[in-house]
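Here is how the chains run, residue by residue.
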Amino acid sequence: MNENPSVGRVAVITGASSGIGAATARALAADGYQVALLARRLDRIEALAQELGNGSVAIQADVTDRDSLLAAASRVQDELGGAGVLVNNAGIMLLGPFSSEQHHDYRTMIEANLLGAITATEVFLDQLKNGGAGDLVNISSVAGRTARAGNGVYAATKWGMNGWSESLRQELLPGVRVTLIEPGVVDTELPQHITHEATRAQVQKGYDQATVKPEEVAEIIAFVLARPRHLAIHEVLLRPVDQLG
Ligand code: NDP
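Predicted model, so just to flag it, every value in this text is computed and none were measured. The residue count restarts for each chain, going from 1 along the sequence in the order it is written. Residues qualify for local features only when their pLDDT is at least 70, as the model is predicted, and side-chain atom pairs are given and counted only at 80 or more; totals for whole chains, interfaces and linings, by contrast, use all residues. Water and hydrogen atoms were dropped before computing side-chain values, which therefore reflect all heavy atoms in the structure.

Student: I keep staring at the packing of aromatic side chains and nothing clicks. Help me out?
Tutor: The relative placement of two aromatic rings is captured by the distance of their centres and the angle of their planes. Note on aromatic pairs: the rings of Phe, Tyr and Trp (six-membered ring only in Trp) are paired at centre separations within 6.5 Å, and the planes decide the class, stacked below 30 degrees, edge-to-face beyond 60, tilted for the rest. As enumerated under the stated definition, the model contains one aromatic pair in all. With a centroid separation of 5.1 Å and 15° between ring planes, the pair formed by F98 and Y106 is classed as stacked. Exposure is judged per residue with a 1.4 Å probe applied to protein chains only, and the accessible area is read against the type maximum: over 50% gives exposed, under 20% gives buried, and values in between give partly exposed. On the basis of relative accessibility, which here comes to 14%, the residue Y106 falls in the buried class.

Shown next as C-alpha cells:
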C-alpha cells in the first residue's frame, strides 16, 4: 500500500525558475511529487528538472500568454496524466512612486501577478477537479493585506489575489482546496527587476538583510499540501520576526 499520499501526485508550479517557486519544486519533489516547472527562462527550469528527476518536466510558459498556458496544460495532461496541485507563484514586484513614468510596470504586474494566476487557474481547473482532491496554492504577500506608499499597484495585484482566492475557496470546496500564502520579505531576486532605480537600490538594501529563505516558505507550502483531505489551511501569513508592516 502507498502510505505517502503525495507520491505520484503531480504539481504544477509557475515561476519555478528561481526563488520561492524553485524552492517549492525542490520541496515537493522531495515529498514524492512529480513536478511540472513553468517559467520563461527555459535554461533554468531544464536544469532544475534534471536535478529533480522523478519524471519532472520543464515547460516554457509565460503566464501572460494564455496560449502558452494551454500548451503547458496539454503537456501536463499527456505526459503526467494531469495536475493535482497548481501553485500560482509567478510574480514581479515593480515598486516605485506612482507616476506615468511607471505605467508599463503597472500593466506588467497586473498581467503577470493577477491575471496570470487567474488564467493559469482557469486553464488547469479541470485537471485539478478531476479526482475530487485538488489543491490550488496562491502566492500572495503581506502586501495583499497592508498597502504602503510606493507599492500601490503591486499591493493591488495581491489584494486582488486575496479577494479572488476567497471567492474560489467557497466555490471549489470540497474538491479543490484553496490556500493563500502571504510572505513578508524573503531572500530572492524579486527586487532586482524593479525598474525605478532609486527604489530598486533602496529596496535591495532591505533584501540584502533578508533572513527568511525561500526554502522556509516552500516547507510551509509542502506542510499545507500534506494535510489530510478533511482539513484545509486557507491562509498563511508569515514575516521575518522583526518586520513591522
Ligand atoms: P523571483 O523573482 O525569484 O521569482 C519570480 C518568478 O516568477 C520567476 O521564476 C519568474 O520566472 C516568474 N515570472 C515572472 N513573470 C512571469 C511571467 N510573465 N510568466 C511566467 N513566469 C513569470 O521572486 P520570488 O520567488 O520572491 O517571487 C515568487 C512569488 O512570491 C511572487 O508572486 C512574489 O510576488 C511573491 N512574494 C515574494 C516575496 C519576497 O519577499 N521575495 C514576498 C511576498 C510575496 P521567469 O523570469 O523565468 O519567467
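Student: Can you help me understand the sheet that holds strand β6 (residues 176-183) in this one?
Tutor: Backbone-to-backbone hydrogen bonds join strands into a sheet, with any given pair of strands oriented parallel or antiparallel. Here, strands pair whenever DSSP counts at least two bridges between them. Starting at the N terminus, helices and strands are each numbered in turn, a helix being any DSSP run of H or I of at least four residues and a strand any DSSP run of E of at least two. Spatially, the seven strands line up as an open sheet ordered β3-β2-β1-β4-β5-β6-β7, and their pairing is parallel. Whereas interior strands pair on both sides, the edge strands pair on one side only; in this sheet they are β3 (57-60) and β7 (235-238). Going from strand to strand, the sheet's axes swing by 15° on average, the running direction of each strand aside. As judged from the four bridges shared by strand β4 (residues 85-88) and strand β5 (residues 134-139), these two strands associate in the parallel manner. Its bridge partner lying in β5, L86 is registered against L136. A fitted line through C-alpha atoms serves as each axis, taken over the contacting stretch for helices, and the angle formed by two N-to-C directions is quoted from 0 to 180°.

Student: Just to check I follow, could you spell out the packing of helix α4 (residues 103-129) against helix α5 (residues 152-172) for this structure?
Tutor: The axes of two packed helices give the description: the angle between them and the distance between them. α5 packs onto α4 with a crossing angle of 20° between their chain directions and a minimal axis gap of 8 Å. Looking at the two axes, α4 sits roughly parallel to α5. Handedness of the crossing formed by α4 with α5: right-handed. Contact residues: Y106, M109, I110, N113, L114, A117, I118, T121, L125 and K129 in α4; V153, Y154, T157, K158, G160, M161, W164, L168 and L172 in α5. Just so you know the grouping, Ala, Val, Leu, Ile, Met, Phe, Trp, Tyr, Cys and Pro go in nonpolar, Asp, Glu, Lys and Arg go in charged, and all remaining residues, Gly too, go in polar. Of the residues in the contact of α4 with α5, the class split is 13 nonpolar, four polar and two charged. Our angle categories are set so that under 35 degrees counts as roughly parallel, over 145 as roughly antiparallel, 65 to 115 as roughly perpendicular, and the remainder as oblique. Each helix crossing is assigned a hand: it is left-handed if the near helix lies turned anticlockwise from the far helix by less than a right angle, otherwise right-handed if that turn is clockwise. Here, two residues are considered to be in contact whenever any of their heavy atoms come within 4.5 Å of each other.

Student: What am I meant to see in the site of the ligand here?
Tutor: For this purpose, a residue is taken to be near a molecule or strand whenever a single non-hydrogen atom of the residue falls within 4 Å of it. Neighbouring the ligand are 29 residues; S17, R40, Y154, T188 and Y207 lie closest to it. A distance of 2.7 Å separates an oxygen atom of the ligand from a polar side-chain atom of R40. One of the backbone nitrogen or oxygen atoms of G184 is found 3.4 Å away from an oxygen atom of the ligand. Accessibility throughout is a Shrake-Rupley quantity obtained with a 1.4 Å probe, and a residue counts as covered only by protein chains that appear here. Burial of the ligand by the surrounding chains reaches 97%, relative to a free accessible area of 880 Å². Contributions of two or more residues to the shell around the ligand are made by α1 (19-30) and α5. By residue class, the composition of the shell around the ligand is 13 nonpolar, eleven polar and five charged. Residues adjacent in sequence count toward polar contacts only when both atoms are side-chain atoms; beyond that, a polar contact is any pair of N or O atoms within 3.5 Å, and within protein one must be able to donate a hydrogen and the other to accept it.

Student: Where do I start with the nonpolar core in this structure?
Tutor: Most often, soluble globular proteins keep nonpolar side chains buried together rather than apart. Nonpolar cores were defined as sets of buried Ala, Val, Leu, Ile, Met, Phe, Trp, Tyr and Cys residues, with membership established by side-chain atoms within 4.5 Å. Judged by nonpolar contacts, the single largest core of 44 residues is most densely connected at V12, L38, V76 and F124. Mapped by element, the contributors of at least two residues to this core are β1 (10-14), β2 (34-39), β3, α3 (66-80), α4, α5, β6 and α6 (197-208). No other element matches the ten residues that α4 contributes to this core. Among residues more than four places away in sequence, those in contact with F124 are V12, L38, L69, A72, A73, V76, A83 and L86.

Student: How should I be thinking about the UniProt feature "domain: Ketoreductase" (unreviewed entry) in the protein chain in this particular structure?
Tutor: UniProt positions are given in the numbering used here, feature names are shortened, and annotations may be inferred rather than shown by experiment. Under the local residue numbering, the UniProt record ascribes the feature "domain: Ketoreductase" (unreviewed entry) to residues 9-189. Across residues 9-189, helical content stands at 48% and strand content at 18%; the span's end C-alpha atoms are separated by 29 Å.

Student: Any chance you could explain the side chain of S6 here in plain terms?
Tutor: As for its position among the elements, S6 is in the segment before β1. The buried category is assigned to S6, whose relative accessible area is 10%. Side-chain polar atoms of S6 contact the backbone oxygen of D31, separated by 2.6 Å. Not counting the four nearest positions on each side in its chain, S6 is found in contact with D31, G32 and Y33.

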